[in-house]
Each structure stands twice: as C-alpha cells, then as structure tokens.
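Structural description and commentary
Residues per chain, in single letters:
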Amino acid sequence: MNRVEFTKEMKKTHKILVPMMLPIHFQFLQNIFRQNGYQIELLQTKGQQIIDEGLKNVHNDTCYPALLVIGQMIDALKSGNYDTDHIALAITQTGGGCRASNYIHLLRKALKQAGFGHVPVISVNFSKLEKNSGFKLTGSMLLRLLYGFLYGDMLMWIKNQCKPYERHAGASDALVQKWINNISEQFNSLSFLKLHHNYKIMLEDFAAIKRENTPKIQVGIVGEIYMKYAPLGNNELEDFLIKEGCEPVVSGVLDFGLYCLENTLIDHEYYNRSRKSYRFVAMASRYIQHLQMKAIKAIRQQGVFREPDTFQEVMESSEGIINRGTKMGEGWLLTSEMVALIKSNVSNIVCCQPFGCLPNHIVAKGMTRKIKNIYPNANIVAVDYDPSATRVNQENRLKLMLSNARLTARFAQAEEEKRAAAKQQAYAYETR
Ligand code: SF4
C-alpha cells in the first residue's frame, strides 16, 4: 500500500496524535518531543465508541491492544476536534515477530476504509523499518527519553507505595505531576550526576506524604505491555485495586526495553545472529542496568520505600521454568516477572491477557500451573480483556482473587498470633 510520508513541512503544520500507554512516562515523551519542535498530543479518550471503532475498522481476529489503539485513533479523527488535513498519527513498531510490528499496516488499511487515507502515520521504531523525512529520533532525544523513562519508572514505583496509604486524597498524584514538570524543565541539562541528586529529593518529597501505617495486601500486575500499563486497556486496574484497599505493585517499563536488548544477545548466543551489533547491544544493556541501579541504591539508602528487583534478578527468576529462547510477545520476561514477584513476597498477581494474543497466553496463562507447582502459595488470576468482556465480569474475577488473598492473609496472621502466644506461654513457664 502506498504510504503518506510525514514530510519536513508537516513538522510545522501537523499535530501528531499518540495513543496513551504509560500515564507518567508518556508525559515526559510528550514534553521531549515538544521541546524538539513537534506538535504532539497524547490521546486520553475513553468510552465504548473506541472499541466500536476498533471493531468496525479492524479484523475481529486482531489482538485487543491493536483494536483499541486503532479504534482510539479513528475515534479522535472522527470527533471533529481536529483538522484532519493537518493531523498525523504515531505508532510504535517493535520489529519482533509479533503483531506489534504490523499494527501500522492494519492502521493504514483502517484509515483508508474510514476515509482518512490522507493522514500520515509515523512509525516509531529502532529497527530501521520505516523512515519519514520530517521525523527523526536524534541521539539527544533518545538520551532524554532514556532519562524520562528512568524517572518515570521511579515515580510510578514510589507513587504506588504512597497512593494507597495517603491521608489526603490526591497528594501522591499531585507530587508526581510536580516532578514531571520539574524534570521536564531540566531536560537540557540532564546528567548522570543529577540523577542521584534528583532521586534523593524526590524520595524525600514522597516520604513526607502523610500516610496510614496499616499494611495493605500487595497485588502485582503483569501482562502484555499495553494491557499492563494502559488504563484504557486494563480498565484502570491500578485505581480499582487501590479502591479495593490494595497496593498495586507494577515493575518499570525499562525492564521491557532491557528484555528486547537481551533477546538480541540470546539470538547471538543461540543462532549466531546479530554478529555486528551484539557488542553494542551488550554495552547499552549494561549501561541501562547501571542507571537502574542508581534508583535502587537511592531507595535503599533512604530506607523508607521498598526497592524493585534488579533486571538480573528478574531474569534469573525463571531459570529452569522457561527457556530464554521463548521471546514472542513478552516472552520469558512475563514468566520471570511473576516468579520475581512471588520471590519478593507479592504472591497475589493479576495477569492481564488481551484477546487474540497467542504469545502471551503461552508465557502467562500457560505457565501458571508450572509456577504454582513450585510456589503453591501463588495466587495468580488471569483476566481476559476483549471487546465483549464487561468490566463487571473482570472486576468479579479480581474480587474473587482478592478474597483468596484476604483469607490467606488472615490465616497467616492467625498463625503468627498463635506462634507468639505459644512463645509467650513457654517463656512464662520457664520463668515460673
Ligand atoms: S504481544 Fe500479543 S497483544 Fe501485544 S501486539 Fe503482540 S499479539 Fe498483540
């Protein structure tokens, strides 16, 4: 299909619409692109009409994230809020074997069918798949994006340890917003040294939020990347868990980036592929992990919040359970994330499964039995997200999982109390 290119002139005349996936990280992304001369807007719309547009314009066998993203874009174009002669759309292409590489062709087909064939679609990829003369990810933009995502991961991680416990509703979200603005203003002068300084003050700021002390049930969220992070995809799962009195535990998105890099190294090891690039990839992976360690050390030094696992720890968690050659969709990473959560005592896990996603059904639902055999205390629920699934059904499944979690927590507490009473009795007997 002939594609409409995003030209240099369009950079001045066109607004680029981007579907929202990570509410914190994508605000950094938006600010970085704006600072580099792009007019960019994040699509934050929701509602049944998005699913309807997806169903109307995409084959109904297509995986649910593709259906939602394309539906959201066409819904925006039809909304009357934009001059469609001056609009472009941006979408990522992973370059892997999964459908995420082919969304762009589905989107172009859908646009043509809906009467928007003239709207240019920009592919954001790191695999030299498609180029547009008006869109270029420069070295400095990539570095800023890396920093933006490092800060995004830190903010998401700490926010989830504050929001469920905050005494004044909205305090954690307000602080997140303050830090997004603060860091965005520093993008011209970001450096490795500043990272440590910023983390320190950021952690102090969050530690100062007035919080309840009563511990809550922790629930890990894993799944296909869009379903795991996008509130539109998972029906605002984090907020639902907080409303139910739980603490969501969501690992950072940079682990997914590292997983993609690691797969290149695995390809080299298994099939002798990527002979030219593997040294560079290995170096990039080490550098990102080194930066991630900065965040972990800062949290550890401060001592108020729980630190996340290192990428090495996550990766090694699934050894002997799934082979690292399994790398379609979220591949071995998804299984590793579930095991890493259980190992760090977060045994209640929601696995977000999109309709039509074969790879993630294998590495998520398909691995549950194996994981439960090794870790019998694992309380994993796979929730299906598809165009016909109702929110009520999904929430009922979640509530069932939570009632199991509460039962286990009560049982553990009763056992603990029994042990403490027995100890006290023994002590009283000895000292009589
Ligand atoms: S991982 Fe699954 S849901 Fe995500 S793009 Fe691939 S097939 Fe679709």
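Residues numbered from 1 in each chain as written. Predicted model: local features only at pLDDT ≥ 70, side-chain atom pairs only at ≥ 80, totals over all residues. Heavy atoms only, no water.

Looking at an unreviewed UniProt entry, one finds the protein chain named Putative nucleotide-binding protein (Sugar kinase/HSP70/actin superfamily) and attributed to Longicatena caecimuris.

**What to know about the sheet that holds strand S1 (residues 15–19)**
Defined as follows: Two strands form a pair only when DSSP identifies at least two bridges running between them. Helix and strand definitions here come from DSSP, where helices need a minimum of 4 consecutive H or I residues and strands a minimum of 2 consecutive E residues; each element is numbered from the N-terminal end. Only C-alpha atoms enter the line fits that serve as axes; for helices the fit covers just the stretch in contact. Angles between N-to-C directions range over 0 to 180 degrees.
Spatially, S2-S1-S3-S4 is the arrangement adopted by the 4 strands of the open sheet, whose pairing is parallel. Of all strands in the sheet, those bounded by a partner on one side alone are strand S2 (39–43) and strand S4 (121–124). Going across the sheet, the axis of each strand differs from the next one's by a mean of 30°, ignoring polarity.

**Observations regarding the nonpolar core**
Generally speaking, soluble globular proteins have nonpolar side chains that are buried together. Definition in use: Here, the term nonpolar core denotes a set of buried Ala, Val, Leu, Ile, Met, Phe, Trp, Tyr and Cys residues that are joined through side-chain atoms within 4.5 Å. Remark: exposure states derive from per-residue accessible area (1.4 Å probe, protein chains only) relative to the maximum for the residue type, with buried under 20%, exposed over 50%, and partly exposed in between. Those domain boundaries reflect an automatic or database domain assignment. Only heavy atoms matter for contacts: two residues are in contact if any of them lie within 4.5 Å across the pair.
Core analysis: the biggest nonpolar cluster contains 140 residues, and Phe33, Leu89, Tyr151, Ile158, Phe206 and Val350 have the highest contact counts within it. Looking at which element gives the most residues to this core, the answer is helix H6 (residues 139–162), with 13 residues. The residue makeup of this core includes at least three contributed by each of domain 1 (8–135) and domain 2 (215–249 + 321–432). Discounting chain neighbours no more than four positions away, the residues touching Phe206 are Leu155, Ile158, Lys159, Cys162, Ser172, Leu175, Val176, Trp179, Arg211 and Phe305.

**Comments concerning the sheet that holds strand S8 (residues 379–385)**
Taken together, the 4 strands give an open sheet; going across it, the order is S6-S5-S7-S8, and neighbouring strands pair in parallel fashion. Two strands close off the open sheet at either side, each with one partner strand: strand S6 (246–249) and S8. Between one strand and the next, the sheet's axes are offset by a mean angle of 25°, whatever the strand orientation. The pairing of strand S5 (residues 217–223) with strand S7 (residues 348–354) spans 5 bridges and is classified as parallel. Bridge pairing in S7 links Val222 to Cys351. Contacts from helix H14 (residues 331–343) reach S5, S6, S7 and S8, with the element oriented near 170° to S5. Across the face of the sheet, helix H16 (residues 391–430) comes into contact with S5, S6, S7 and S8 while running at roughly 175° to S8.

**Here we look at the layout of surface pockets**
Selection rule: Cavity and pocket criteria rest on a 1 Å grid covering protein atoms alone: a 1.4 Å probe that fits but cannot get out defines a cavity, protein on both sides within 12 Å along at least 5 of 7 lines defines an open pocket, and an atom within 4 Å of a point defines a lining residue. Grid points are joined across faces, edges and corners, and a volume is the space filled by probe spheres set on the points. Charged means Asp, Glu, Lys or Arg here, nonpolar means Ala, Val, Leu, Ile, Met, Phe, Trp, Tyr, Cys or Pro, and polar covers whatever is left, Gly included.
What the second largest pocket holds in volume is close to 950 Å³. Taken together, 43 residues form the lining of the second largest pocket, with Lys46, Pro231, Leu232, Asn235 and Glu236 sitting closest to its centre. Listed by contribution, the elements that provide at least two residues to the lining of the second largest pocket are helix H2 (25–35), helix H3 (48–57), helix H4 (64–78), H6, helix H7 (171–185), helix H9 (225–229), helix H10 (237–243) and H16. Here the lining of the second largest pocket is built from residues that sort into 20 nonpolar, 13 polar and 10 charged.

**With respect to the pattern of salt bridges**
The line we're drawing: When a carboxyl oxygen of Asp or Glu is within 4 Å of a side-chain nitrogen of Lys or Arg, the pair counts as a salt bridge.
Applying the stated criterion across every chain yields a total of 23 salt bridges. The shortest N-O distance in the salt bridge between Glu236 and Lys46 comes to 2.9 Å. Pair noted here: Glu236 is in the loop between H9 and H10 and Lys46 is in the loop between S2 and H3, with a separation of 190 residues, a long-range link. When its relative accessible area of 24% is taken as the criterion, Glu236 is described as partly exposed. The exposed category is assigned to Lys46, whose relative accessible area is 57%. The partner of Arg324 in a salt bridge is Glu319, and the shortest N-O contact between them spans 2.7 Å. Where salt bridges share partners, they join Lys46, Glu236, Arg391 and Glu395 into one cluster.

**Section: the packing of aromatic side chains**
The condition that has to hold: Each Phe, Tyr or Trp ring, with Trp reduced to its six-membered ring, pairs with another whose centre is within 6.5 Å; inter-plane angles below 30 degrees give stacked pairs, above 60 give edge-to-face pairs, and intermediate values give tilted ones. Lysine and arginine charges are scored as sitting over a ring when NZ or CZ, respectively, is within 6 Å of the ring centre and within 35 degrees of the ring normal.
According to the stated counting rule, one finds 9 aromatic pairs in the structure shown. Their ring planes at 65° and their centres at 5.1 Å tell us that Tyr259 and Trp332 sit as a pair that is edge-to-face. Here the residue Tyr259 occupies a position in helix H11 (residues 254–271), and Trp332 occupies one in helix H14, the gap between them amounting to 73 residues. Aromatic pair Phe311 and Trp332: ring centres 6.3 Å apart, planes at 55°, arrangement tilted. Of this pair, Phe311 sits in helix H13 (residues 311–317) while Trp332 sits in helix H14, placing them 21 residues apart in sequence. As far as burial versus exposure is concerned, Phe311 and Trp332 are alike and both buried. Aromatic ring contacts, followed pair by pair, group Phe256, Tyr259, Phe311 and Trp332 into a single cluster. The positively charged end of Lys216 is found above the aromatic ring belonging to Tyr165, 5.8 Å away from the centroid.

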